[in-house]
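Read off the chains here:
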Amino acid sequence: MKELLQQVRIIDPGLETDKIADVLIADGKIQAVAPEISDINSDTQIKDCRGLILGTGLVDLYSHSSEPGFEERETLSSLLKGAAAGGFTRVSILPDTSPPIDHPAIVAQLHQKAGEMGNIPHVDVWGAMTLDLGGKQLTELADLATAGVVGFTDAKPWENLGFVRRVLEYLQPFGKPLAFWPCDRLLSANGVMREGTEALRLGLPPIPAIAETSAIASLLELVAATNTPVHIMRVSTARSVELIASAKAANLPITASTTWMHLLLDTKAIKSYNTSLHLDPPLGNASDVEALRAGVRGGVIDAIAIDHAAYSYEEKVQAFAESPPGAIGYELALPLLWQNLVETGKFTALELWRALSTQPARCLQQQPSTITPEQKAELTLFNPQEVWKVEKKNLCTLSYNTPWLGEEIKGRVVQIWN
C-alpha cells in the first residue's frame, strides 16, 4: 500500500531541511518528496498532514530494560510499545538487566524476543564491560562483539582508574562505542540532589558538582593517554560542559550526552518531593540547565538520551531519599521537549531533532536516516498541537513513574515507519 502525506512539515537534520512538502511512501521506502505530488494511483492512501511534522526516526542512546529480571516494572514488549508511541525507531538497552548482559546468550535472547515482536523499534543491546557489572573482571568482550552488541558500557560509575585505563587499552581494537558514566561515589556519598541552596532548604543530602566533574576530568586524561574514543553519558553540570568543550577543542575522540529531563527541570522542581524527580545524576541548578541547553545547541553535547527507567508504584512510594532513582520517558520526551524548548524559541526544530535523531545514531556509529527518495522509511510523524493527559491508561509502558503524571501536555506522535 502507498501512503501520500500531503503538505507535511519535513525536518531532516542530516540535510538541514525544514520545509513543507508532500511525501510518498511505498513498500517501506520513500518514493518521492516534492512540493506537490499529484501523480498517484487509486490505491494510494492520502493523509492531510497540514500542521503535522515528519522527522527522521528518533534514536535513543541508552535506556533500561526491566526484562529480564524485573518484568513487574516493564516487559520488553511494553518498553518497545512505549518507545514506538514516543516516536523512537531505534532503542539501545543498557546491560543492567538481571542477569546482566555480560554473556552472548543474553544478547541472543533479547534479540530473539525483539525479533518476535517485529523489531519495531529496532533494538540494539549494550554489552557489559565487566562480569556482573562488578568493575573488576572483564567480560568475554570478543564474544559479545561477535554476538552483535552495539557497544560496551557498565552504565555505572567506576572506582579504579587503573582498571579503566586497561579497559580503554584493551577495547580500542574492537572499534565499537564505549560509554562511561563519570561519577565519584566517594564524593556523592549518600546524596540525592544537587548541592546548593535548594538542597539546604529541602533538607536533602547533597551531591556536589565535583562528584561528576572530577570523574570527567580523570576520564579525559585517560582518553588523552590512550586515544581510545569514548562516549560520556549523563552529563549534568555546567562545568562538565566546559571540560568537554575544552577536550573537543583539543581533538580528543569523545562524544557526550545529557538526558532529556536535565534539559527541562532544575532543583527547584524537587520542592514537591515527587520521587520521580529523584534521578542519578540529580537535576542540576538553573545555571546547569542553561549550560546543558547551550551545549546541545552548540554541539558540545552531541545527543539527548532518554535513560528510560521504569519502577513500580510500590518502589517509588516512599521517602524521596529512599526511592530508587529514575523515571520513564519514551512517551513524554519529544512532546515535552518540543513544548518547552521549541515552542518557546529556546531551540530550533532542527536543533532538537538533531539531538534526538541524527546525533544519537552517529554516537552509536550508525548511519542516520534521511528523508530522501529511495531511502528506507525510518520516520516519525508528530502532531505538536494534540493535547493529552498523562495517565496510566494513556501510556503503553507498564510503570508510570513520571512527575508529569496527571498533567495535560501538548504534542503526540501519530505514527512511526521503520
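Note that this is a predicted model, so its numbers are computed, not measured.

Rules used in this analysis
- Residues numbered from 1 in each chain as written.
- Predicted model: local features only at pLDDT ≥ 70, side-chain atom pairs only at ≥ 80, totals over all residues.
- Heavy atoms only, no water.
- Salt bridge = Lys/Arg side-chain N within 4 Å of Asp/Glu carboxyl O.
- Helix = DSSP H or I, 4+ residues; strand = E, 2+ residues; numbered from the N terminus.
- Buried < 20%, exposed > 50% of the residue type's maximum accessible area, 1.4 Å probe, protein only.
- Axes fitted to C-alpha atoms, helices over the stretch in contact; angles between N-to-C directions.
- Parallel < 35°, antiparallel > 145°, perpendicular 65-115°, else oblique.
- Left-handed = near helix turned anticlockwise from the far one by under 90°.
- Contact = heavy atoms within 4.5 Å.
- Pairing = 2+ DSSP bridges.
- Core = buried A, V, L, I, M, F, W, Y, C linked by side-chain atoms within 4.5 Å.

Caption draft 1: Focus on the pattern of salt bridges. If you walk through the whole model with that rule in mind, you get 17 salt bridges. Asp288 serves as the salt-bridge partner of Arg194, at 3.0 Å between the closest nitrogen and oxygen. Separated by 94 residues along the polypeptide, Arg194 in strand S11 (residues 193–194) and Asp288 in helix H9 (residues 286–298) bring together distant segments of the chain. Overall, Arg194 belongs to the buried group, its relative accessible area being 3%. Counted as one network, the salt bridges with shared partners bring together Arg90, Lys376 and Glu378.

Caption draft 2: Seen up close, the packing of helix H4 (residues 161–171) against helix H7 (residues 210–226). Close contact between H4 and H7 brings their axes to 10 Å; oriented N to C, the two are set at 40 degrees. By the angle between their axes, H4 is oblique relative to H7. The hand of the H4/H7 crossing is right-handed. Contact with H4, carried on its side by Leu161, Val164, Arg165, Leu168 and Glu169, involves Ser218, Leu219, Leu222, Val223 and Thr226 of H7 and no other residues of that element.

Caption draft 3: Summary view of the pairing of strand S16 (residues 379–389). For strand S5 (residues 53–56) and S16, the ladder comprises 4 bridges, and the chain directions are antiparallel. Note on S16: the bridge partner recorded for Leu54 is Leu381. Bridge analysis of S16 against strand S17 (residues 408–417) gives 8 bridges, and the strand direction is antiparallel. Looking at the pairing, Leu381 lines up with Gln415 of S17.

Caption draft 4: The nonpolar core, seen in detail. Counting residues in each nonpolar core, the largest one holds 94 residues, and the members touching the most others are Phe180, Ile232, Trp260 and Leu337. Among the elements that make up this core, the one with the highest residue count is helix H11 (residues 333–342) (7 residues). Apart from the residues within four sequence positions on either side, Leu337 is in contact with Trp260, Leu263, Leu264, Ile304, Val342, Leu352 and Leu356. Val59, Cys183, Ala303 and Ala361 belong to the second-largest nonpolar core, a separate cluster that totals 16 residues.

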